[in-house]
Amino acid sequence: MLRDITLGQYFPGNTVVHRLDPRTKLTLMIVYITALFMAKGLFAYLFMFSILILCLVVSKIKPRAVLSGLRPIFIIMIFTVVLNIFFVRGETVLFKWQFITVTKEGVVTAAYMASRLLMLIVGTFLLTYTTSPITLTDGLERMLGPLKKIKVPVHEFAMMMSIALRFIPTLIEETDKIMSAQKSRGADFESGGLIKKAKALLPIIVPLFISAFRRADDLATAMECRCYHGGEGRTKMKVLRLAFRDYLAFLCSAAVVASVVLLGIFT
């Protein structure tokens, strides 16, 4: 069911990961992505995977929530694997039939690309799972604060990001309700070829767009009624301050990057 998809949701908690400053978590995510692209070889990937599992265990995020969030990107992962298997050329041929050639290098590259994509997405999920949209907005705004000097609308940009993340679960739930209503009227979304399935989605897309625009209009009206006029002159109820755990997290992230570099050199 679509309602089981956890993409964009926030799971409240009181773990060390939850209590980290949002700026720290944003920085750690950037460092993790950088280290992931720097990783070379099996041991480096296993090290990055173990770091990710450790963060998930510490944050007490249920494996079911992570697997549910991965459902929408399974097709992308399969597509990436297929492309790398059949289009990456190498010297060691494992299978050849007419114009189709599968090499050992292609299989290895496909495995690395799939692992990297999986860890990249789960690492991003961990940020939204452990950080509320409001806190994430404050952290993003503070990080991009220097851009205000060149007239960049940082507050509005951060607000749009927060609203987009907030409404992902809402739109997924709305889609599930529309599909259930269409199925009760005899709609069939499972049988037939690709073209037929695409045509069957039209009765879903139209009401979903109408509902999304209606929600956006209601949100804009509510913000205007509360005299919202952007970030100019606004104060924060909770001022963000870095704690000892944040500095310790920065130190650990530097150690992770150094370990990935060393593993790439000596393995």
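Everything quoted here is computed from the prediction, not taken from an experiment.

Moving on, we get to the overall build of the protein chain. When you go through the protein chain residue by residue, the secondary structure sums to 11 helices and two strands. Helices (α) and strands (β) of the protein chain occur, in sequence order from the N terminus, as α-α-α-α-α-β-β-α-α-α-α-α-α. Counting every position in the protein chain, which comprises 267 residues, the buried fraction comes to 32%. In the protein chain, of all internal contacts separated by at least 6 residues, the share reaching a separation of at least 24 is 72%. When the accessible area of the protein chain is evaluated, it comes to approximately 17,200 Å², of which 70% is carbon and sulfur surface. Computing the positive centroid from 32 side-chain charges and the negative centroid from 17, the protein chain places the two 5 Å apart.

In this structure the tally under the stated criterion is zero disulfides. Cys 55 takes part in no disulfide bond, and the closest cysteine sulfur, belonging to Cys 252, lies 9.3 Å away. Taking the relative accessible area as the measure of exposure, Cys 252 reaches 43% and is therefore partly exposed.

Now for unusual backbone geometry. Residue Lys 60 is not a glycine yet carries a positive backbone phi of 60 degrees. Tracing the sequence through the fold places Lys 60 in the loop between α3 (42–59) and α4 (63–70).

As a further point, take helix α5 (residues 74–87). Relative to the 20 Å expected for 14 residues at 1.5 Å per residue, α5 spans 20 Å between its end C-alpha atoms, a close match to the ideal helical length. Among all positions in α5, only Met 77, Thr 80 and Asn 84 are buried. In a view along the axis of α5, the buried residues occupy a sector of 65 degrees, so they form one face of it. Exposed side of α5, more than 90 degrees from the buried face: Ile 75, Ile 78, Phe 79 and Phe 87 are the residues found there.

What follows is about the pattern of salt bridges. Inspection of the entire model under this criterion finds two salt bridges. One salt bridge connects Arg 215 with Glu 174, and the closest N-O pair in it is separated by 3.1 Å. Of this pair, Arg 215 sits in helix α10 (residues 202–225) while Glu 174 sits in helix α8 (residues 154–184); the two residues are 41 residues apart in sequence, bridging distant segments of the chain. For Arg 215, a relative accessible area of 32% puts it in the partly exposed group. Take Glu 174: its relative accessible area is 16%, and that puts it in the buried class.

Moving on to the packing of aromatic side chains. For the structure shown, the criterion picks out four aromatic pairs. Between Tyr 45 and Tyr 112, the aromatic rings sit 4.7 Å apart at their centres with planes inclined by 20 degrees, giving stacked as the arrangement. Residue Tyr 45 is located in helix α3, and its partner Tyr 112 is located in helix α6 (residues 104–130); the two are separated by 67 residues in the primary sequence. Ring geometry for Phe 209 versus Phe 213: centroids 6.3 Å apart, planes at 40 degrees, classification tilted. Here the residue Phe 209 and the residue Phe 213 both occupy positions in helix α10, the gap between them amounting to four residues, near one helical turn. You can call Phe 209 partly exposed: its relative accessible area is 48%. Taken together through their ring pairs, the aromatic side chains of Phe 11, Phe 125 and Tyr 129 make up a single cluster.

Before going further, it helps to spend a moment on the environment of Leu 46. In this fold, Leu 46 is placed in helix α3. Take Leu 46: its relative accessible area is 47%, and that puts it in the partly exposed class. Each C-alpha atom, one on Leu 46 and one on Thr 175, is 37 Å from the other, the two residues being 129 residues apart in sequence.

What counts, and where the lines are drawn
Residues numbered from 1 in each chain as written. Predicted model: local features only at pLDDT ≥ 70, side-chain atom pairs only at ≥ 80, totals over all residues. Heavy atoms only, no water. Helix = DSSP H or I, 4+ residues; strand = E, 2+ residues; numbered from the N terminus. Buried < 20%, exposed > 50% of the residue type's maximum accessible area, 1.4 Å probe, protein only. Contact = heavy atoms within 4.5 Å. Areas by Shrake-Rupley, 256 points an atom, 1.4 Å probe, with all protein chains shown as cover. Lys, Arg positive; Asp, Glu negative; His and termini not counted. Charge placed at Lys NZ, Arg CZ, Asp CG, Glu CD. Disulfide = S-S within 2.5 Å. Expected span 1.5 Å × (residues − 1). Arc of directions from axis to C-beta. Salt bridge = Lys/Arg side-chain N within 4 Å of Asp/Glu carboxyl O. Phe/Tyr/Trp six-rings, centres within 6.5 Å; stacked < 30°, edge-to-face > 60°.

The values are spatial; any link to function lies outside them.
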